[in-house]
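# Chain and residue survey
Here are the chains, one letter per residue:
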Amino acid sequence: MTDKNKYLDCVLGSHKITNERVLLDKHISKRNEIKEALEIKYESNLYSPFNSGSYAKNTAVNLKFDFDLMAPYKRNAFGSNGTLKEMFIDVFEFLKDKYHGKEATVRDQKVSIGIEFYSDKDGHIVKIDVVPGRELNVNQYKDDDKLNLYVNKKFGTLEEGSDYIRSNIQAQIDKIKDRATAEKDSIRKIIRLLKVWKINKKPDIKSFFIELITMKAFDSVKADGDLWDKLKTVLEFIRDKVKEVSLPDPGNSTNEVADTLTETEKSTLSDDMKYMIERIEENSDNIKTYFKINEDHPCENKEENKYGVKREGVSVPPTPRFG
Amino acid sequence: MESRTNFISSIIEKMPNIIILRNFSENYGNILGRIKVLHLEVELEFDVEIQPQYPLQMHETESIRFLNSELITYNHVNRDGSICIHTTHSPDIKQKIEWDFNSLMEWIEKYYLSNSEDNNYEHIVVSEYQDEVLSCYLFTDVKHSFQKHSFGNFFYSLLAVGYEGKKEKQTYLIHDFLVGKVPYECNWSSLYKQQRNFLQGIYVYIEVPPVKHKRFAVESWSELEPFVSQEFLKFLYDIDKKGAYKKAGIKKLPLFIGYKIPTGEIHWQCAIIDTDNFPNEPLRLENGFGGQFRDIPINWSSTKNCSYKYFFGRGKFSEKITEKKILLIGIGAVGSMVATTLTRGGCKFLSLVDYEVKEPENVCRSEYDFNTGINNKVIDLGLKLTKISPFVEIIPDVIMMDAIKYFINNGKSEEAIKKHIEEFDIIIDCTTDDDVAFILDFLNLKNEIISLSITNNAKELLCSVKPNLYEWLNNRNNLNLKNDGAFYEPTGCWSPTFKASYNDISVLVQFALKHINLSIESGKPLRHFFLSAETENEFNIKLHQY
């Protein structure tokens, strides 16, 4: 029998990003380096780059730091007739020229440019995504924070026929950060637990989707009780509502984030939740299958430590299996 | 006590719209009479024959017959003029007579008055010649579009000798049709294609069924004549003249007669030519010589369309499985059951990997046979699978996993191993070897991977899939499995094994395969699951999906 609440607390504790202080500092340092490089290169054509991603939203886990750097460009930064594609390619070429093959691998992604630095002497790998965006009209960014992002067609588009996403990234960050901070024992914990699950089991689901649907669940159904009760309520909400729920982008309500999953993917996610609840209710030990403890950072609490102890001492051999 | 004849007669007498024209009387156990049916302003006469079994059925046909040979051109009338009826079972004679006569009325309405045609095509009626030794020819699809009146040789071989009743029945397999000089292979698996000792027959493609009265195969060679060309008769004459078959001691020469059926497929009937007495003869025509058939009976032999579509017509796995290249690693109890089930389910490509040999004690709970002795499992099972299906390609491999383990750590072979394994679409691992699960996971393969194993006493069946295949298996202690530690340790045995019977294992394997097939068919991703067999109160299998 596993005490689900203690175990989940242990999972959260083991995934604190502060557990990876050194790696976190390396991410911050590299992010600052990239930021400075962009500011030097693009000078006044670039507004101040800012952090987006989970770290900025206070919902990060230490398995994947999710360090995004939003680079907001002025409307005419790439000429008055410059396209979003030209913006994306220009930034991509600049970063590739600076880092690729020297200290990192640089690749173009759906809306961002991924920079993965080579493993250092500690075995640490720093990954930062740079997201170029451009204000909608000259000087408008200062008033509305809105940006157009380029969508790299080879990875598919959000909407058929569209090649850009218009969004207020700062509003996205603020909305999630505000709630995650204000409701740190509910929304923040559940988002972080679902991220631990997603990173291990469903890496293709967007963190943004997880964040929004968790908030939607808390807004739609009464989720109280202990940590497991709250988590279960959210899992049930996703199981029952994922096929029909609307998740408007807080930065642009016309962007439907629920559409980032196909109908089949939603159906599969609903089944994921269904079976997860069934298995954990059937046998509390199954919670360990779904929510892994980061064994690099086992729980400090002695009572909880049994759930996250590194492989030391006597281990029980697995049940024999036959064929 | 009233006689059976009088009892039946009195029932029929009282039926409305039936007039007895000739009283019922017994003749060698059968009750015979003649009636007139007045139905919907139609008057039809039938001889009635009631067999001793009545009201019971005989070989799934009714033991009452209504005969009128003038009705032979109508649908659902047999060659002897008997009307084809099927009614519900009843042990009560009165009830049964009522139902059978009602069925006769229904036939009159549907097929006599309305001349209805059925949607389902039924093959033409061929009366198989009752020779001392019977034969049947199995054919399958061939990738060639035959032209009307084309003819030539085909090759066939003896597949097996069995019995039908007391008569020997020889089953033959058709291999190739020779069109000009080009052979067109029939779509059997390569093992059957490689068969030697071919015999030679002749074929003619006439495009339309060789029938009279719409569905009865012609009975004499002269009736077949309008269906064939003068060129074919000359071809036949030349064969007769050369006498090659006769010289080779071949008495019976099969003539395959092909035609198209409404589904667009070719169906073949087989007429046997007596090489001592060819059915054709030369004929002087105004503009030269020709040929004709003589008015002698055709000895029809039976044929069966054994193509994949019909062979697995009654049920098979999803095409998303059957069309895939499957690598099955580990063919012990579970693996051999998986192999035979996939084969009977229509799978076309199976590669079997196992280093072990089959021993007598394996037989009781696997798909192996005793009478093949000690043998490499991959060879033994491979042969068995090809005996089950003529459409499955089997590649036996004794060393694959040993070789992979040997080379996986040398830092150079990973890509080559990966490339080799990724030639398959689905990998099913039944080895129960955690090393194998680890390797399959470690290689990050694009294939669908399914790992199947059971626990002692077949209390559970575990199925692990991607992603995290190895990790889920490795954490199986969290699954609350019923770990019964007592193994089977026979005298002198060096390695104790698990306890479970064929029935214990196969019921779980079949459940698991059914679930996997349904998931794949519906396009849902496969999930880890385990089945738990509840045996304490009443037997039950529970599916636990992750």
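Residues numbered from 1 in each chain as written. Chains lettered and ligands numbered in written order. Predicted model: local features only at pLDDT ≥ 70, side-chain atom pairs only at ≥ 80, totals over all residues.

## Observations regarding the overall build of chain B
Our working definition: Strands here mean DSSP runs of E at least two residues long; helices mean DSSP runs of H or I at least four residues long; both are numbered from the N terminus. C-alpha atoms define the radius of gyration in this analysis, and the globule rule sets the expected value at 2.2 Å times the number of residues to the power 0.38. Our exposure labels follow a C-beta count within 10 Å of each residue's own C-beta, placed from the backbone: buried means 20 or more other C-beta atoms, exposed means 12 or fewer, and partly exposed covers the counts in between. Here, residue contact means that the backbone-derived C-beta atoms of the two residues sit within 7 Å.
Each helix and strand in chain B was counted, giving 15 helices and 26 strands. A compact globule built from 546 residues would reach a C-alpha radius of gyration of about 24 Å, whereas chain B, at 31 Å, exceeds it by more than 25%. Taken along its principal axes, the extent of the C-alpha atoms in chain B is 85 × 75 × 45 Å. Every one of the 546 residues in chain B was classed for burial, and the buried ones make up 35%. Counting contacts in chain B only where the partners sit at least 6 residues apart, residues at least 24 apart contribute 59% of the total.

## Topic: the overall build of chain A
On a plain count of helices and strands, chain A comes out with 12 helices and 9 strands. Whereas a compact globule of 323 residues would reach a radius of gyration of roughly 20 Å, chain A reaches 21 Å, a difference of no more than 12%. Oriented by its inertia axes, the alpha-carbon framework of chain A measures out at about 65 × 50 × 45 Å. Buried positions account for 41% of the 323 residues belonging to chain A. Restricting the contact set of chain A to residue pairs at least 6 apart, pairs at least 24 apart contribute 62%.

## Some remarks on the interface of chain B and chain A
Counted only if it meets this: Under this grouping Gly is polar, as are all residues other than the nonpolar Ala, Val, Leu, Ile, Met, Phe, Trp, Tyr, Cys and Pro and the charged Asp, Glu, Lys and Arg.
Contacts between the two partners involve 31 residues from chain B, matched on the other side by 17 residues from chain A. For the side of chain B that touches chain A, the secondary structure elements donating two or more residues are helix H9 (333-344), strand E23 (448-454), helix H14 (469-474) and strand E26 (540-545) of chain B. In terms of residue class, the side of chain B that touches chain A is built from 11 nonpolar, 17 polar and 3 charged.

## With respect to the nonpolar core
Stated precisely, the cut-off is as follows: Think of a nonpolar core as buried Ala, Val, Leu, Ile, Met, Phe, Trp, Tyr and Cys residues chained together by C-beta atoms that fall within 7 Å.
Val11(A), Val130(A), Leu193(A) and Ile238(A) are the most contacted members of the largest nonpolar core, which totals 79 residues. The greatest single-element share of this core, amounting to 7 residues, is contributed by helix H7 (residues 184-201) of chain A. With residues up to four places along the chain from it excluded, the contact list for Val11(A) reads Leu193(A), Val196(A), Phe291(A) and Ile293(A). Ranked by size, the runner-up nonpolar core spans 66 residues in total, among them Ile394(B), Leu440(B), Leu473(B) and Phe529(B).

## Remarks on the pairing of strand E5 (residues 127-135) of chain A
Looking down a regular strand, the side chains alternate between one sheet face and the other. Residue and element names in this part refer to chain A. Under the convention used in this document: Criterion used throughout: strands pair if DSSP finds at least two bridges between them.
In terms of residue burial, E5 counts as a mostly covered element, since 7 of its 9 residues are buried. Looking at chain direction, strand E2 (residues 67-73) and E5 are connected through 7 bridges and run parallel. Residue pairing across strands places Pro-72 opposite Gly-133, the latter belonging to E5. Looking at chain direction, E5 and strand E6 (residues 147-150) are connected through 3 bridges and run antiparallel. Note on E6: the bridge partner recorded for Glu-135 is Leu-147.

## Details of the environment of Ser52(A)
Residue and element names in this part refer to chain A. With respect to the helices, strands and loops of the structure, Ser-52 is situated in strand E1 (residues 50-52). Put simply, Ser-52 and Met-70 are 18 residues apart on the chain and 6.2 Å apart in space, counted from C-alpha to C-alpha. Excluding residues that lie within four positions of it along the chain, Ser-52 makes contacts with Asp-68, Met-70, Val-131, Ile-169 and Ile-173.

## Describing unusual backbone geometry
Residues and elements named next belong to chain B. Here the amide bond leading from Tyr-54 into Pro-55 is cis, since omega sits at 10°, within 30 degrees of zero. Residue position: Pro-55 is located in the loop between strand E3 (42-50) and strand E4 (64-67). The residue after Lys-466, namely Pro-467, is reached through a cis peptide bond having omega -10°. Structurally, the position occupied by Pro-467 is in the loop between strand E24 (460-465) and H14. Its identity as a non-glycine residue notwithstanding, Asn-115 has a phi of 50°, on the positive side. On the secondary structure map, Asn-115 appears in the loop between helix H2 (93-113) and strand E5 (133-139). One non-glycine residue, His-149, lies in positive phi territory at about 75°. By the element assignment, His-149 lies in the loop between E5 and strand E6 (151-164).

## Quick notes on the packing of helix H6 (residues 169-182) of chain A against H7(A)
All names here are of chain A. What counts, and what does not: Lines fitted to C-alpha atoms define the axes, with helix axes restricted to the stretch in contact, and inter-axis angles between N-to-C directions lie between 0 and 180 degrees. Here roughly perpendicular refers to angles of 65 to 115 degrees, roughly parallel to angles under 35, roughly antiparallel to angles over 145, and oblique to all remaining angles.
Close contact between H6 and H7 brings their axes to 6 Å; oriented N to C, the two are set at 120°. Accordingly, the angle class assigned to the pair H6 and H7 is oblique. On the side of H6, the interface is formed by Arg-179, Ala-180 and Thr-181, while H7 contributes Lys-184, Ile-187, Arg-188 and Ile-191. Grouping the amino acids of the contact of H6 with H7 by side-chain chemistry returns 3 nonpolar, 1 polar and 3 charged.

## Quick notes on the sheet that holds strand E2 (residues 30-39) of chain B
All names here are of chain B. With antiparallel pairing, 4 strands are arranged side by side in an open sheet as E1-E2-E3-E4. The open sheet has two edge strands, strand E1 (18-27) and E4, and neither has a second partner. Neighbour to neighbour, the strand axes of the sheet diverge by 20° on average, direction disregarded. The pairing of E2 with E3 spans 9 bridges and is antiparallel. The residue of E3 that forms the bridge with Val-37 is Leu-44.

## Points about the domain arrangement of chain B
To keep things clear, this is the line we draw: All domain edges in this entry derive from an automatic or database-based domain assignment.
Each assigned domain of chain B is listed here: domain 1 (4-113), domain 2 (133-311) and domain 3 (319-545). Taking only C-alpha atoms, the centre of domain 1 of chain B and the centre of domain 2 of chain B are 38 Å apart.

## Examining the sheet that holds strand E17 (residues 325-329) of chain B
Residue and element names in this part refer to chain B. The sheet built from 8 strands is open, its strands ordered E21-E18-E17-E22-E23-E24-E25-E26 with mixed pairing. In the strand order of this sheet, the two ends are held by strand E21 (393-397) and E26, each with one partner. Across this sheet, the average inter-strand angle for adjacent strands is 15°, counted without regard to direction.

## Considerations on the confidence of the model for chain A
Residues and elements named next belong to chain A. The line we're drawing: Every residue carries a pLDDT, the predictor's confidence in it, which falls somewhere between 0 and 100.
The share of residues in chain A with pLDDT of 70 or more is 92%, and the mean pLDDT across the chain is 90. When pLDDT is averaged over each helix and strand of chain A, the minimum, 52, is found for helix H12 (residues 302-308) and the maximum, 98, for helix H9 (residues 227-241). The low-confidence segment residues 308-313 (pLDDT under 50) makes 9 contacts with residues lying over four places distant or belonging to another chain.

## Quick notes on helix H15 (residues 502-521) of chain B
Residues and elements named next belong to chain B. Worth spelling out the cut-off: Multiply 1.5 Å by the residue count of a helix minus one, and that product is the helix's expected span. Arc, as used here, means the arc of the directions from the helix axis to the C-beta atoms.
Compared with the 28 Å implied by 1.5 Å per residue over 20 residues, the 27 Å span of H15 between its first and last C-alpha is a close match. The set of residues buried in H15 consists of Ile-505, Ser-506, Leu-508, Val-509, Ala-512, Leu-513, Ile-516 and Ile-520. Angularly, the buried residues of H15 cover 165° about the axis, an arc narrow enough to put them on a single face. Facing away from the buried side of H15 by over 90 degrees, the exposed positions are Asn-503, Lys-514 and Leu-518. Buried positions along H15 lie against helix H8 (319-322), H9, E23, E24, strand E25 (529-534) and E26. Looking at the residues trailing H15, positive phi occurs at Gly-523, about 80°.

## Some words on the environment of Val133(B)
Residues and elements named next belong to chain B. Mapped onto the elements, Val-133 comes out in strand E5. When the C-alpha positions of Val-133 and Tyr-163 are compared, they lie 9.2 Å apart, and in sequence the two are 30 residues distant. If we ignore the near neighbours within four places in the chain, the residues touching Val-133 are Lys-167, Glu-168 and Gln-170.

## Thoughts on the environment of Leu224(B)
All names here are of chain B. By the element assignment, Leu-224 lies in helix H4 (residues 221-224). With 21 C-beta atoms counted inside 10 Å, the residue Leu-224 sits in the buried group. Expressed as a C-alpha distance, the spacing of Leu-224 and Gln-292, which sit 68 residues apart in the sequence, is 9.9 Å. Discounting residues that sit within four places of it in the chain, Leu-224 has contacts with Pro-210, Val-218, Phe-293 and Ile-298.

## Observations concerning the packing of helix H8 (residues 207-220) of chain A against H9(A)
The description of two packed helices rests on the angle between their axes and on the distance between the axes. All names here are of chain A. Across the interface, H8 lies against H9 with an axial gap of 9 Å and an inter-helix angle of 100°. In this view, H8 runs roughly perpendicular relative to H9, as classed from their interaxial angle. Contact with H8, carried on its side by Ile-213, Thr-214, Ala-217 and Ser-220, involves Thr-233, Val-234, Phe-237 and Ile-238 of H9 and no other residues of that element. Of the residues assigned to the contact of H8 with H9, the class counts are 5 nonpolar, 3 polar and no charged.

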